[in-house]
Every structure is written in structure tokens, then in C-alpha cells.
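# Working through the structure, step by step
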Amino acid sequence: MPKAPSVISRVVAILGAFSERKSLITIEEISAMLDISTASAYRYMSDLTQAGLLSRTSGSYRLGPKIIELEYLFQSYDPILQAGRDLMEGLAGFTGCNVLLCNVYDQALVNVMHVTGKHPIDVAYKKGQRMPIFRGAQAHILLAYMDIRKLKRLYESALKDPAIAPDALAIGEDWRAFLKQIRQIRSRGYYVSEDQLQPGVTGIAAPVFGEKQEILSSLVLILRNDNPPSMSQSTLIELVAQGAKQISKRIEELSAGVACAAEPEGS
């Protein structure tokens with residue numbers, strides 16, 4: 001007998017139903033999406049409204065003010081952003097390029113920080129917008145360091161989705177070819193993409209790791225092909241790789257400090 005969805009999974013599904021094309025959701029839509037009664041859907045929406053995660057408008061529901069509060073806390077106090085902010089600003093100032101930090105969760109990839117350089121770029125995917133998982137420098141780097149079992153599930157799932165299958169197949173026409181390409185990226189430790197996310201723009205990405213050497217983010221430098229910086233691409237690659245290593249080291253040091261602070265005295 002299939003396991004019933006948990007309350008948390010249903011809440012995540014409700015919040016995940018919002019998108020750029022869907023800013024309002026009705027009780028009836030939630031009832032159909034979760035396959036629950038109208039009364040149960042109302043209870044979920046009522047509780048989420050009480051928590052501030054949703055707001056009610058003329059019989060429909062929109063995202064609530066708690067989302068803005070959480071976004072403020074994330075942007076102001078997230079340890080990864082804190083670890084990388086000044087380094088990203090320094091990299092943008094030195095190269096004149098734009099610098100991004102992209103995080104992955106589940107099967108989603110999101111730009112969480114964008115530092116503008118001397119030559120601003122109107123990026124195709126703004127901060128907070130979901131980005132392609134199989135296209136662009138940031139995506140290739142995150143895929144290269146992903147757990148292989150999760151990577152295979154992600155690839156096989158992509159082949160069943162007409163919207164993203166072409167991107168996955170562009171990396172490898174089957175799992176073996178895909179894995180070979182991903183391993184080559186990992187052995188280099190960086191990835192350069194040209195025109196993959198928007199015409200005339202090149203991205204250079206390197207991995208950012210957590211304290212257990214798990215992939216957390218990709219540090220990405222983007223530049224216009226018609227107005228590149230005076231330094232060579234090899235120099236830019238080295239700068240991005242060094243910046244990613246420094247952020248990773250700071251995260252490791254931060255984690256070690258938190259662990260020490262949590263230990264009782266005399267232990």
C-alpha cells in the first residue's frame with residue numbers, strides 16, 4: 001500500500017504550485033492537485049495563511065509576507081552568502097564582470113546572489129528565478145559534483161520531460177555518454193559555457209563545497225562576448241576557481257567554529 005503524503009510534502013507542493021505564470025491559487029485547484037477534499041484543502045490554506053506563508057485575496061490565495069521576511073533573513077544572515085559576499089564583490093571589481101552564486105535544491109537551480117561589475121549584464125535569469133538544470137556553466141558544475149545515484153535519477157527523469165530532455169541529451173545521448181562528459185568536467189574543476197543561457201554571454205563556473213565536501217553552490221563569472229575584460233580566459237578561470245576555493249574554506253572554518261561553540265565546557 002503506497003505511503004500517504006506527509007503534511008510537509010503537501011505544504012511544499014502547495015508553495016511549489018506558485019510560479020511566474022501562477023500568482024493566485026484557489027481552494028479547488030489545491031484540492032485537485034493534492035487529491036484531497038475541499039474541506040482538507042481549506043484547512044491547509046487557512047493554516048498557511050495564519051503562519052503568514054499565504055495571504056487570501058478575493059477567494060484566492062497568494063504568497064504571504066512571511067516569504068519576504070525569510071528572504072530578508074536569508075540575504076542578510078545566510079552563512080554561505082556571508083562567506084562569499086566580499087569575495088564576489090572583489091572579483092566583480094577586479095574583472096569588471098558580473099558574479100553570481102547559484103544554489104541547488106532537489107531538482108531546482110536558483111541564483112541567490114548577483115554582484116554587478118563594471119559592465120552590467122541584464123541576465124536572462126534574475127535572482128530567485130529557477131534556472132535550467134542541464135544548461136549553463138552553473139548547472140554543469142553542480143551536476144559534475146552531484147551524488148551519482150541522484151544524478152542518474154535526474155538524467156533519466158529529464159529524458160521523460162520534453163521541455164528539458166534536449167538539454168540533457170546535449171550533454172550525453174545516453175547515460176554512459178552523459179556520465180563521461182560530467183566526469184570530464186569534474187576532472188577539470190571548472191566549466192565554461194558560451195551562449196547557453198543567453199546569446200552573446202559567456203559563463204565561467206567553479207564549485208563551492210560544504211564542510212563535508214558536498215557540493216553547495218557554483219560561483220559563476222559572466223561576461224559579454226562583445227566586451228570582454230582585458231585579461232585572458234585562462235586568468236578568469238583561475239580567478240573563479242580561487243574564489244570558489246576561498247568561499248569553501250570560509251564555510252569549513254565557519255562550520256568548525258559553530259561545532260566548537262556547541263561543545264560543552266570541559267569536554
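Note that the structure is predicted; figures quoted are calculated from it, not measured.

Definitions and cut-offs
Residues numbered from 1 in each chain as written. Predicted model: local features only at pLDDT ≥ 70, side-chain atom pairs only at ≥ 80, totals over all residues. Heavy atoms only, no water. Helix = DSSP H or I, 4+ residues; strand = E, 2+ residues; numbered from the N terminus. Buried < 20%, exposed > 50% of the residue type's maximum accessible area, 1.4 Å probe, protein only. Contact = heavy atoms within 4.5 Å. Areas by Shrake-Rupley, 256 points an atom, 1.4 Å probe, with all protein chains shown as cover. Lys, Arg positive; Asp, Glu negative; His and termini not counted. Charge placed at Lys NZ, Arg CZ, Asp CG, Glu CD. Pairing = 2+ DSSP bridges. Arc of directions from axis to C-beta. pLDDT = per-residue confidence, 0-100. 1 Å grid on protein atoms, 1.4 Å probe; cavity = no way out; pocket = protein on both sides within 12 Å on 5 of 7 lines; lining within 4 Å. Points joined across faces, edges and corners; volume = space filled by probe spheres on them. Nonpolar A, V, L, I, M, F, W, Y, C, P; charged D, E, K, R; others polar.

### Some thoughts on the overall build of the protein
For the protein, the helix and strand inventory stands at 10 helices and nine strands. On the principal axes, the C-alpha backbone points of the protein span a range of 60 × 55 × 40 Å. The buried share of the protein, reckoned over its 267 residues, is 43%. Counting only contacts in the protein whose residues sit at least 6 apart along the sequence, the fraction spanning at least 24 positions is 51%. Counting only carbon and sulfur atoms, one obtains 54% of the accessible surface of the protein, whose full area is about 15300 Å². Of note, the protein has its 29 positive side-chain charges centred 3 Å away from the centre of its 28 negative side-chain charges.

### Some points on the sheet that holds strand β2 (residues 54–57)
In a beta sheet, neighbouring strands are held together by backbone hydrogen bonds and run either parallel or antiparallel to one another. Within the open sheet, the three strands sit side by side as β1-β3-β2. Their pairing is antiparallel. One side of each edge strand has no neighbouring strand; the edge strands of this open sheet are β1 (25–26) and β2. Inspection of the sheet shows β2 paired to strand β3 (residues 60–63) by four bridges, in the antiparallel sense. By the bridge assignment, Thr-57 is partnered in β3 with Ser-60.

### Observations regarding helix α1 (residues 7–16)
When α1 is considered as a whole, its buried residues turn out to be Arg-10, Val-11 and Ile-14. Take α1 and look down its axis: the buried residues cluster within an arc of 100 degrees, on one side only. More than 90 degrees from the buried face of α1, the exposed residues found are Ile-8, Val-12 and Gly-16. The secondary structure elements touched by the buried residues of α1 are β1, α2 (27–34), α3 (38–50) and β2.

### Details of the confidence of the model for the protein
For the protein, per-residue confidence averages 90 on the pLDDT scale, and 94% of positions sit at 70 or higher. Element-level mean pLDDT values for the protein span from 84 in helix α10 (residues 233–262) up to 97 in helix α9 (residues 175–188).

### A word on the sheet that holds strand β6 (residues 130–131)
Spatially, the six strands line up as an open sheet ordered β6-β5-β4-β9-β8-β7, and their pairing is antiparallel. Across the chains shown, the open sheet's two edge strands, defined by having one partner strand only, are β6 and β7 (191–194). Examined bridge by bridge, strand β5 (residues 108–115) and β6 share two bridges and lie antiparallel to one another. The partner of Val-110 across the bridge, within β6, is Arg-130.

### Comments concerning the environment of Val-110
By the secondary structure assignment, Val-110 is in strand β5. In this structure the C-alpha to C-alpha distance between Val-110 and Ile-68, which are 42 residues apart in sequence, comes to 17 Å. Residues contacting Val-110, with those up to four places away along its chain left out, are Leu-101, Cys-102, Asn-103, Tyr-105, Gly-128, Gln-129, Arg-130 and Met-131.

### Describing the environment of Gln-213
The topology assignment puts Gln-213 in the loop between β8 (201–209) and β9 (215–224). Relative accessible area serves as the criterion here: at 51%, Gln-213 is assigned to the exposed category. In this structure, the C-alpha to C-alpha distance between Gln-213 and Ser-248, residues 35 residues apart in sequence, is 8.6 Å.

### Points about empty space enclosed by the protein
Rolling a probe over the atoms, with the probe sized like a water molecule, indicates the empty space that remains. Inspection of the entire model under this criterion finds two cavities of 30 Å³ or more. There is about 150 Å³ of room inside the largest cavity. In this structure, the largest cavity is lined by 16 residues; those nearest its centre are Gln-138, Leu-197, Gln-198, Val-201 and Ile-222. Listed by contribution, the elements that provide at least two residues to the lining of the largest cavity are α6 (137–144), β8 and β9. For the second largest cavity, the calculated volume is near 30 Å³. Residue lining of the second largest cavity: Gly-96, Cys-97, His-119, Ile-121, Ile-222, Leu-223, Arg-224, Asn-227 and Pro-229, and that is the complete set. Grouping the constituent residues of the lining of the second largest cavity by class yields five nonpolar, three polar and one charged.

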